[in-house]
Amino acid sequence: MAGPVIFSTGSLYPFGLDRVYAWISEAGYDGVEIMMDERWDTHQEDYLRDLVERHGVPILALHPPLRRGAWELTPEETLARVARLASRLEVPVVVAHPPPPGRPLERWKAGPLCEAREQGVVVAVENMPKSRPGGLFRVGRKSCYLPEHLAGVGEVTLDTSHAGASKVDLLRAHSVLATQLRHVHLSDSNLELGRDEHRLPGRGRLPLKPFLAALGASGYPGAVSLELKPWPLGTPDPEAILARMRAALRFTREGLGAI
């Protein structure tokens, strides 16, 4: 049986959280991934519970802020606090970005990652996009972009756009990480090195239908989360946004063999 197909609120970050949550419900998704940012609405437990109750759609993943969020904590402190929030909200998965190149991965695994996982939720480390030659991430361990970079970190999130930006074979990445895979960020890519595009599924060159079929056949236990950029979704036109959200949901369920 195919798992839930959910939608990341980060896909429509220019809009208010309540409005995006309502669109997710109206489009028919099975759940929500909350992208936390500088807004308190994305951090406060009671408000998040209220969104679930009013819209009838569960939160199935939390994504810590990409920068300093409303708590104004370090990324390491934020990860543990998000995991505690997820535990109280009964959210099963927290997405974790590895530390940037130049910071020891082993020390992070033994410290902040271990502390977060002690909160009783899955903390799934995400593959990151490879930068262009000469870019910010040109030294160290190259930003954990190869599936082999994540072999020793436990549970992982596989982001298809990040794989595309790294020119990593998506089906091979799934094969390497299948036993560790607990969360998927789904979007398309034109496979240009360093361009993390997050295009609509089917509007790029990634083999997303074979990838989804492999997920469905492998007994993958987690959710598939649509993590897109606002502009491919038709922002700011609400009718276009809803139509494209529904099309992305249909594409994903068809690929998983759910319809």
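Predicted, not measured: the structure shown is a model, and the values here were computed from it.

Scoring rules and cut-offs
Residues numbered from 1 in each chain as written. Predicted model: local features only at pLDDT ≥ 70, side-chain atom pairs only at ≥ 80, totals over all residues. Heavy atoms only, no water. Helix = DSSP H or I, 4+ residues; strand = E, 2+ residues; numbered from the N terminus. Rg over C-alpha atoms; globule rule 2.2 N^0.38 Å. Buried < 20%, exposed > 50% of the residue type's maximum accessible area, 1.4 Å probe, protein only. Contact = heavy atoms within 4.5 Å. Areas by Shrake-Rupley, 256 points an atom, 1.4 Å probe, with all protein chains shown as cover. Axes fitted to C-alpha atoms, helices over the stretch in contact; angles between N-to-C directions. Parallel < 35°, antiparallel > 145°, perpendicular 65-115°, else oblique. Left-handed = near helix turned anticlockwise from the far one by under 90°. Nonpolar A, V, L, I, M, F, W, Y, C, P; charged D, E, K, R; others polar. Phe/Tyr/Trp six-rings, centres within 6.5 Å; stacked < 30°, edge-to-face > 60°. Lys NZ or Arg CZ within 6 Å of the ring centre and 35° of its normal. Pairing = 2+ DSSP bridges. Core = buried A, V, L, I, M, F, W, Y, C linked by side-chain atoms within 4.5 Å. Salt bridge = Lys/Arg side-chain N within 4 Å of Asp/Glu carboxyl O.

**Description of the overall build of the protein chain**
Stage number 1. A tally of regular secondary structure across the protein chain gives eight helices and eight strands.
Stage number 2. Taking 259 residues into account, the globule formula puts the C-alpha radius of gyration at 18 Å, and the protein chain, at 17 Å, falls close to it.
Stage number 3. Each principal axis of the C-alpha atoms in the protein chain carries an extent, and together these give about 45 × 40 × 35 Å.
Stage number 4. Expressed as a percentage of its 259 residues, the buried residues of the protein chain come to 52%.
Stage number 5. Sequence separation of at least 24 residues holds for 75% of the intrachain contacts in the protein chain that already meet a minimum separation of 6.
Stage number 6. When the accessible surface of the protein chain is totalled, it reaches about 11,300 Å², and 51% of it is carbon and sulfur.

**A closer look at the packing of helix H2 (residues 45–55) against helix H3 (residues 75–89)**
Each pair of packed helices gets described by two things: the angle between the helix axes and the distance between those axes.
Stage number 1. The contact between H2 and H3 brings their axes to 11 Å, and the two run at 45°. The orientation of H2 relative to H3 falls into the category oblique. In the packing of H2 onto H3, the handedness of the crossing is right-handed. Contacts between H2 and H3 involve Glu45, Leu48 and Arg49 from the first element and Leu85, Arg88 and Leu89 from the second.
Stage number 2. By residue class, the composition of the contact of H2 with H3 is three nonpolar, no polar and three charged.

**A closer look at the environment of Leu186**
Stage number 1. Take Leu186: it is sitting in strand S7 (residues 181–186).
Stage number 2. Overall, Leu186 belongs to the buried group, its relative accessible area being 0%.
Stage number 3. Linking Leu186 and Leu212, residues 26 residues apart in sequence, is a C-alpha distance of 9.4 Å.
Stage number 4. Leave out the neighbours within four places in its chain, and Leu186 touches Thr160, Pro201, Leu208, Phe211, Leu212, Val224, Ser225, Leu226, Glu227, Leu228 and Thr252.

**A few points about unusual backbone geometry**
The phi angle of most residues is negative, glycine excepted, and most peptide bonds adopt the trans form.
Stage number 1. That bond from Thr235 to Pro236 is cis: its omega, 15°, falls within 30 degrees of zero.
Stage number 2. Its location among the elements puts Pro236 in the loop between strand S8 (223–226) and helix H8 (238–256).
Stage number 3. If you check the backbone angles, Glu72 has positive phi at about 60° while not being a glycine.
Stage number 4. Inspection of the secondary structure puts Glu72 in the loop between strand S3 (59–63) and H3.

**As for the packing of aromatic side chains**
Each pair of aromatic rings is reported with the distance of its centres and the angle of its planes.
Stage number 1. Here the structure, examined in full by the defined rule, presents two aromatic pairs.
Stage number 2. For Lys209, the ring lying beneath its charged end belongs to Phe251, and the centroid distance is 4.6 Å.

**Description of the pairing of strand S5 (residues 122–126)**
Stage number 1. In terms of burial, S5 is largely enclosed, as four of its five residues are buried.
Stage number 2. Pairing of S5 with strand S6 (residues 156–159), which is carried by two bridges, proceeds in the parallel orientation. By the bridge assignment for S6, Glu126 is matched with Thr157.

**Points about the nonpolar core**
Stage number 1. Within the largest apolar cluster, 69 residues are counted, with the highest numbers of intra-cluster contacts made by Phe7, Leu12, Tyr29, Ile34, Leu62, Leu215 and Met245.
Stage number 2. The dominant element in this core, judged by the number of residues it contributes, is H8, at seven residues.
Stage number 3. Of all hydrophobic cores here, the second largest spans six residues; its members include Ile6, Leu60, Val93 and Ala124.

**Comments concerning the pattern of salt bridges**
Stage number 1. With the rule as written, the count across this model stands at 15 salt bridges.
Stage number 2. Put simply, Arg49 and Glu45 hold a salt bridge, and the shortest N to O gap is 2.9 Å. Within this pair, Arg49 and its partner Glu45 are both found in helix H2, separated by four residues, close to a single helical turn.
Stage number 3. Residue class for Arg49 comes out partly exposed when judged on its relative accessible area of 37%.
Stage number 4. Glu197 is the salt-bridge partner of Arg195, the closest N and O atoms lying 4.0 Å from each other.
Stage number 5. Here Arg195 falls in the partly exposed class, since its relative accessible area comes to 36%.
Stage number 6. Among the charged side chains, a network of salt bridges with common partners joins Asp18, Asp50 and Arg54.

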